[in-house]
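Architecture at a glance
This is what each chain is made of:
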There are 4 protein chains.
Amino acid sequence: MPLRYLTAGESHGPALCAIAEGFPAGLAVDFDAVNRDLRRRQKGYGRGGRMKIETDEAQFLSGIRGAVTTGSPIALLVWNKDHENWKELVSPYARGGRKFTQVRPGHADLAGVQKYGLDDARDVLERASARGTATVVALGALARQLLARFGVTVSSRVVAIGEELRRSGVPPTAAQRAAIEASDVHTDDEAAAALWRGIIDREKARGSAIGGAFEVYAEGLPAGLGSYVHPDRRLDGRLAGALCAIQAIRAAEIGEGTRVDLPGDRFQDPIRYGAEQGFYRETNRAGGLEGGVTNGAPVVVRGFMKPIPTMMTPLPSVDIATREPVSAKYERSDVCAVPAAAVVGEAVVAWVLADALLEKFGGDTVGDVAAALEAYAARLR
Amino acid sequence: MPLRYLTAGESHGPALCAIAEGFPAGLAVDFDAVNRDLRRRQKGYGRGGRMKIETDEAQFLSGIRGAVTTGSPIALLVWNKDHENWKELVSPYARGGRKFTQVRPGHADLAGVQKYGLDDARDVLERASARGTATVVALGALARQLLARFGVTVSSRVVAIGEELRRSGVPPTAAQRAAIEASDVHTDDEAAAALWRGIIDREKARGSAIGGAFEVYAEGLPAGLGSYVHPDRRLDGRLAGALCAIQAIRAAEIGEGTRVDLPGDRFQDPIRYGAEQGFYRETNRAGGLEGGVTNGAPVVVRGFMKPIPTMMTPLPSVDIATREPVSAKYERSDVCAVPAAAVVGEAVVAWVLADALLEKFGGDTVGDVAAALEAYAARLR
Amino acid sequence: MPLRYLTAGESHGPALCAIAEGFPAGLAVDFDAVNRDLRRRQKGYGRGGRMKIETDEAQFLSGIRGAVTTGSPIALLVWNKDHENWKELVSPYARGGRKFTQVRPGHADLAGVQKYGLDDARDVLERASARGTATVVALGALARQLLARFGVTVSSRVVAIGEELRRSGVPPTAAQRAAIEASDVHTDDEAAAALWRGIIDREKARGSAIGGAFEVYAEGLPAGLGSYVHPDRRLDGRLAGALCAIQAIRAAEIGEGTRVDLPGDRFQDPIRYGAEQGFYRETNRAGGLEGGVTNGAPVVVRGFMKPIPTMMTPLPSVDIATREPVSAKYERSDVCAVPAAAVVGEAVVAWVLADALLEKFGGDTVGDVAAALEAYAARLR
Amino acid sequence: MPLRYLTAGESHGPALCAIAEGFPAGLAVDFDAVNRDLRRRQKGYGRGGRMKIETDEAQFLSGIRGAVTTGSPIALLVWNKDHENWKELVSPYARGGRKFTQVRPGHADLAGVQKYGLDDARDVLERASARGTATVVALGALARQLLARFGVTVSSRVVAIGEELRRSGVPPTAAQRAAIEASDVHTDDEAAAALWRGIIDREKARGSAIGGAFEVYAEGLPAGLGSYVHPDRRLDGRLAGALCAIQAIRAAEIGEGTRVDLPGDRFQDPIRYGAEQGFYRETNRAGGLEGGVTNGAPVVVRGFMKPIPTMMTPLPSVDIATREPVSAKYERSDVCAVPAAAVVGEAVVAWVLADALLEKFGGDTVGDVAAALEAYAARLR
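No experiment lies behind these values; they were computed from the predicted model shown.

To continue, consider the UniProt feature "binding site: NADP(+)" (unreviewed entry) in chain A. All names here are of chain A. According to UniProt, the positions carrying the feature "binding site: NADP(+)" (unreviewed entry) are Arg41 and Arg47. Looking at the secondary structure, you find Arg41 in helix α1 (residues 31–42). Judged by relative accessible area, which is 4%, Arg41 ranks as buried. Among all residues touching Arg41, those that are not within four sequence positions of it are Arg47, Asp56, Ala130, Arg131, Thr133, Ala134, Val137, Ala340, Val343 and Val344. Position of Arg47 among the secondary structure elements: in the loop between α1 and α2 (50–53).

What follows is about the UniProt feature "binding site: FMN" (unreviewed entry) in chain A. All names here are of chain A. Those residues carrying the UniProt feature "binding site: FMN" (unreviewed entry) are Arg127, Ala128, Ser129, Gln247, Ala248, Gly291, Lys306, Pro307, Ile308, Pro309, Thr310 and Arg332 in this numbering. Within the secondary structure, Ser129 is located in the loop between α4 (122–128) and α5 (133–149). Of the polar contacts made by the side chain of Ser129, one reaches the backbone nitrogen of Arg131; its length is 2.9 Å. Within the structure, Thr310 has its side chain in polar contact with the side chain of His107 (distance 2.6 Å).

Overlaying chain D on chain C yields an RMSD of 0.0 Å, the required transformation being a rotation through 180° with an accompanying axial translation of 0.0 Å. Each copy turns onto its partner about a two-fold axis. Across chain D, the smallest distance between a C-alpha and the rotation axis is recorded for Gly241(D), namely 1.9 Å. In this assembly, 99% of the residues forming the interface of chain D have copies in chain C that are likewise at the interface, indicating an isologous arrangement.

Each copy superposes on the other: chain A lies on chain B with an RMSD of 0.0 Å after a rotation of 180° and an axial shift of 0.0 Å. Comparing contact sets, 100% of the residues at the interface of chain A also lie at the interface in chain B, consistent with an isologous, same-surface contact.

Moving on to the interface of chain D and chain C. Residue-level contacts link 98 residues of chain D with 98 residues of chain C. Together chain D and chain C conceal approximately 7,700 Å² of surface at their shared face, both sides included; 59% is due to carbon and sulfur atoms. Summed over the shared surface of chain D and chain C, the result is four salt bridges. A salt bridge links Arg206(C) to Asp265(D), with the shortest nitrogen-to-oxygen separation between them at 2.3 Å. The tally of links between chain D and chain C comes to 43 residue pairs in polar contact (both at pLDDT 80 or more). In terms of residue class, the side of chain D that touches chain C is built from 49 nonpolar, 26 polar and 23 charged.

Let's shift gears to the packing of helix α8 (residues 235–244) of chain C against helix α10 (residues 338–361) of chain C. Between two packed helices, what matters for the description is the angle formed by their axes and the separation of those axes. Residue and element names in this part refer to chain C. Running from N to C, α8 and α10 point in directions that differ by 150°, and their axes come no closer than 9 Å. One way to sum up the angle between α8 and α10 is to call them roughly antiparallel. At the point where α8 passes α10, the crossing takes the right-handed sense. Judged by residue contacts, Leu235, Arg238, Leu239, Ala242 and Leu243 of α8 engage Gly345, Val348, Val349, Val352, Leu353, Asp355, Ala356 and Glu359 from α10. Each residue belonging to the contact of α8 with α10 can be placed in one class, and the counts come to nine nonpolar, one polar and three charged.

Attention now moves to the packing of helix α10 (residues 338–361) of chain A against helix α11 (residues 366–380) of chain A. All names here are of chain A. Running from N to C, α10 and α11 point in directions that differ by 75°, and their axes come no closer than 10 Å. Between α10 and α11, the interaxial angle falls into the category roughly perpendicular. Mapping the contact onto sequence places Leu357, Leu358, Lys360 and Phe361 in α10 and Val369, Ala372, Leu373 and Tyr376 in α11. Residue composition of the contact of α10 with α11, grouped by class: seven nonpolar, no polar and one charged.

Note on helix geometry: an α-helix contains 3.6 residues per turn, so any two residues three or four positions apart are oriented the same way. Its 15 residues place the ends of helix α11 (residues 366–380) of chain C 21 Å apart at the C-alpha level, agreeing with the 21 Å of an ideal helix rising 1.5 Å per residue. Against α10 and α11 of chain A, α3 (109–115) of chain B, α5 (133–149) and α10 of chain C together with α3 (109–115) of chain D lie the buried residues of α11(C).

Looking now at the environment of Ser227(A). One can find Ser227(A) in the loop between β8 (212–219) and α8 (235–244). When neighbours within four sequence positions are excluded, Ser227(A) is seen to be in contact with Arg233(A), Arg234(A), Gly291(A), Gly292(A), Val293(A), Lys115(B) and Tyr116(B). Of the polar contacts made by the side chain of Ser227(A), one reaches the side chain of Tyr116(B); its length is 2.8 Å.

Attention shifts here to the pattern of salt bridges. Under the defined criterion, the tally for this structure stands at 164 salt bridges over all chains. The closest approach of N and O atoms between Arg157(A) and Asp188(A), which form a salt bridge, is 2.9 Å. Highlighted residues: Arg157(A) in strand β7 (residues 153–161) and Asp188(A) in the loop between α6 (174–182) and α7 (190–206), separated in sequence by 31 residues. Taking relative accessible area as the criterion, Asp188(A) reaches 24% and is therefore assigned partly exposed. Ionic contacts of the salt-bridge type, sharing partners, join the residues Arg4(A), Glu21(A), Asp232(C), Arg233(C), Arg238(C), Asp355(C) and Glu359(C) into one network.

Conventions used here
- Residues numbered from 1 in each chain as written.
- Chains lettered and ligands numbered in written order.
- Predicted model: local features only at pLDDT ≥ 70, side-chain atom pairs only at ≥ 80, totals over all residues.
- Heavy atoms only, no water.
- UniProt positions renumbered as here; feature names shortened; annotations may be inferred.
- Helix = DSSP H or I, 4+ residues; strand = E, 2+ residues; numbered from the N terminus.
- Buried < 20%, exposed > 50% of the residue type's maximum accessible area, 1.4 Å probe, protein only.
- Contact = heavy atoms within 4.5 Å.
- Polar contact = N/O pair within 3.5 Å; in protein donor to acceptor, adjacent residues only side chain to side chain.
- Least-squares fit on C-alpha atoms with pLDDT ≥ 70 in both.
- Buried area = accessible area lost by both parts, 1.4 Å probe.
- Salt bridge = Lys/Arg side-chain N within 4 Å of Asp/Glu carboxyl O.
- Nonpolar A, V, L, I, M, F, W, Y, C, P; charged D, E, K, R; others polar.
- Axes fitted to C-alpha atoms, helices over the stretch in contact; angles between N-to-C directions.
- Parallel < 35°, antiparallel > 145°, perpendicular 65-115°, else oblique.
- Left-handed = near helix turned anticlockwise from the far one by under 90°.
- Expected span 1.5 Å × (residues − 1).

Okay, structure coming up:
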């Protein structure tokens, strides 16, 4: 897998950090677009206060010169503007304040302190926090720009908040994308939006939280990314794995994957050929992937997000210091973060696909990749 | 990740082959149990003829001496008993017969020939075939034996065939396991079984095929496997990725992951503590994983299988040689393979968990692993 | 790294096994050439009896159809013809005979039984044995055929046996290669050959063993394989690592790497340009690698082999069962295996370079790789 | 391999950056010791001006709280104090100044611009520069602190500058270490030091540069790290690979690896046993590694460094813009950096060994690792 990365950073530490290795040289980087994606991750109906205070921005350190990639590793920082207030509590150089011992159900808190032999769940929650997805989104923004260079676009829409799935399976048109971006629940379906806002309001009033689902789409991919030859090279597994590794995402679906009621003659997508289009399908229940390989149709995957486990009304729990029952402490107040999760979903999908593209076409420069891709497209015709 | 493997082999080639590297020394291997899992993979209501002809057996070549692992890589073969009849067609040394050019919708056939520049889809389907899961099951059987040495058991049940999901979320009791193993649709729910057999019969009569869903359970795991510290170390992502990399598995769910209708106060599992049990939960909607880390409750994951795309009634397709429309050729006749998929699901879950266990406890011998695990368990008390 | 492999197998077990994943489709495989390399590994003045008994041959199981690669994983076996006599002693299914407890200095015997908690060093020596290089040579033979398709040739010569290094640094001509292949000490320098045979005879008479050094060459590589952008992508490190991972190889040198007496003005290779040749050098002290990247000159690396530690005259050691001093048991009688080591050296160098080539040029078919390579060559002109 | 890292950063960019993933929780970090190693890397007789201007310091961002590791990824920055003067030339946001087109022999310059399709070798040299070893040293300082927690110490000495190797093969005593640290040529051999300074002065006067060799030692390691079971798990290969991936290191030697003149009876180290010491050796020609596994004796490896290729007296080269012959431009003026290379050598050896230790003993906390190590030590007794 030619693209690799590591991320680091705590929610209230000085900064989040990421290094990406494997980007080809010669890619023009749009820094504003990266920051735009960071801001898209911070939006949404039902978000808490912190999102309004901070506006994330990526500071690039390396691997890019004069806004063009050089082939060298790209390091980026997202400074935590709030860190100043937490400096004595959460910093490589200090560890102050009260210990966090009232571990929260649904978070890594308890398993984390057990695993790492800690007596302060703050050491866990600072890293386990979904704040870490800011680096993932920044990396995904780079991957998306790489894909865009080759005609691939990645988008998303929310398809459920607190109620039954409203499957679409079809990438949004330009107009729909504009509507989705304008929507505070990341949808172009106004009826759904109204309903979902109502559900969010209801759960906010109850002091609870609510999850949902989103679809991510990738259009313009050539057939033949990923492979059936070994389990770990299959794109369906790689995409599902990447989605379920996002905080609070608990299920992933490729195309119409959970529609187990459909028999084979209504599930598979018949193959057609036309002189102009080449091979194509009229349906896309496969979500663009057959045998773990792209088939030229849009990739369509779905992520399911559980409710954020920190709520105004706390859940029964235990204090790890005293082992006495407690009500798990309230740390933060998002009622719903599904629109943000869709943006993170775009990021991980973009990353996996950019990786698969480079795996197939090699190339240390975007020009070399483009030439290989064109030669391949000509071979398929 | 301490455990790694590669598999190889074509469906009608001389043999399937797998190498596993990273097993600790000192594990007593039950060869019969491996073969038993191979046979479990071949069973099920609605399987076609081939399953009855062949009874798979694993031949071990290395890494084991006198039925005990030595720490060296384990190689195993599953000979294809049918190969004799295919020798001139599919062999490293020969390539005979008619080319397979009528690519089948739902399979890797078309994307495969495009990707690898082939003019005979047989080169694709021989490898993409679910026959390859025989090696995965054999490897999983080894992983399962390793886990069993540390008190971890892995089991499964089918929860849907051709209709709505019948969630259980709870590992079967011993009696239920016996019923499941005795059932030709891998369930202990007789009413469901009758219904599903009816659905299978219906689709068989229609010349179609049908999918479904299964749950895999792992009991006895310590809290603290996997990690929240980096996306690729999260067990939820690793499990979902492994499941969706199985042929025909198109969605994966951790615990109650798709229940997006449940608000937070009804989704998260409250934490309890008792002098005897230590920390525990009364519910397990998290499927044993919080923050990508085991929490001590049973791991519960769900895989969704699409209908097998080769059917008696073929689908519209195209001949890659002539580019003319055709009806995609019939190669094989399973109507439903969900019970077999559950066995493969057990295998990949066992593998991922064995890997996570060794990652945490190191140890080049089962004795060293056991000692580390006991010391950890004592630390958690 | 697009190419990966696992090997397995014990020296006297039923078979050695290897799986290679990542070879592009469309490569015509010359099976005889693979077996020729296996036999080259078995030759040499000063080899013991076993080499004469067995003639290794690779049986291919998969990934190749009708002698052409399909893109699927390639599995191969090298059956141990001698296994019949060891069946009760060394087999997954049996563990007989006397335990091997007199651990041999210079082998993995003692550290191995300690690490893996064993009481029989046979479990160690069967895997640690240089017999395992048979699979490495078979894999290397495939890599060499891939490289050859793109005009790259890999060769070697021995440059020392038991005495001072006779550096060449220059790949052999066709005539020299023929002489080297005909020589039982793998050199085209007859004077050296006579001297080395004398040294081998002397050490044989003394009941000892002797090591030496060899050079491996790769000609025809484009500039730009490997990379300086991250330590683990540098080809110098990858080549040195691969060489020192061969049994008994204890040092590796790139170009004139140990010539620490040469000042910079006599070490670096001035760069020239000619309309016909493009960029070139008149010297090659860099061994074809600058900054961890190929520079278009032949890659030249050197491996240094210690004497085989099993000798007619045993060394002082300890019995691990009794902890009493013993003379370490004699297992096998090669006096010198440097010519064989050169063949293994070729194999690992070929593998690393094939991997680097695919990393740069991607491509799932040899045709795609060739097209990308040609486009790149045109870009460099 | 449980420990992994990525580094990024250009020589004159804003900062160097590294992320390390896999450090256990509970390790007390001595920040001063990290900075001390950074300064050790900057010292040495024969260094140029820049080393005197800048004093590197690591700023830690994450993975550590109050000077104790938490198990989360550790990010660190080394700000380039000189960047202010290069801001318009080398920055993600700007690309100014004259292009660097007179590529320097011995550097990655030419192969780099070819590979990455660049027209300005500055994009190459900024990353290929040995300045990047600052991050490697910082990471190595962390690994060293982890090893120290388990009684393992890593040290080094220079054994050649511009003349024949003065092998030692024996770790320095405390007194010798003090002398080595005090020495500007990193040796406790005063006669050698005087000679080497003379050689450096001579080459400085000639406008040239000079290389040398160093030994790195690790004491206190248990037997059984690394493994013979697969080539890529052998510690000899991993150490040699890591050494040769350091800029300008062109050869690596394990123990007495290049002494191909020694017959087996004088090369292998006889095994002894004593009630108190357990198994031991009186000699250590194996450099602490047999079969790719530590044997309990000190690990001793040697790195050979070529002369730094940038010299006052430039070498013949070519301008890549005009393709006309030129004298390669002078960028920097170190005459000899072998003492610094020894410090980098310590860092990479510490990293590889810390990785091997965690691979064997698992453990998410230093306490767990310590317990596993003690249990193992008891098992070996």
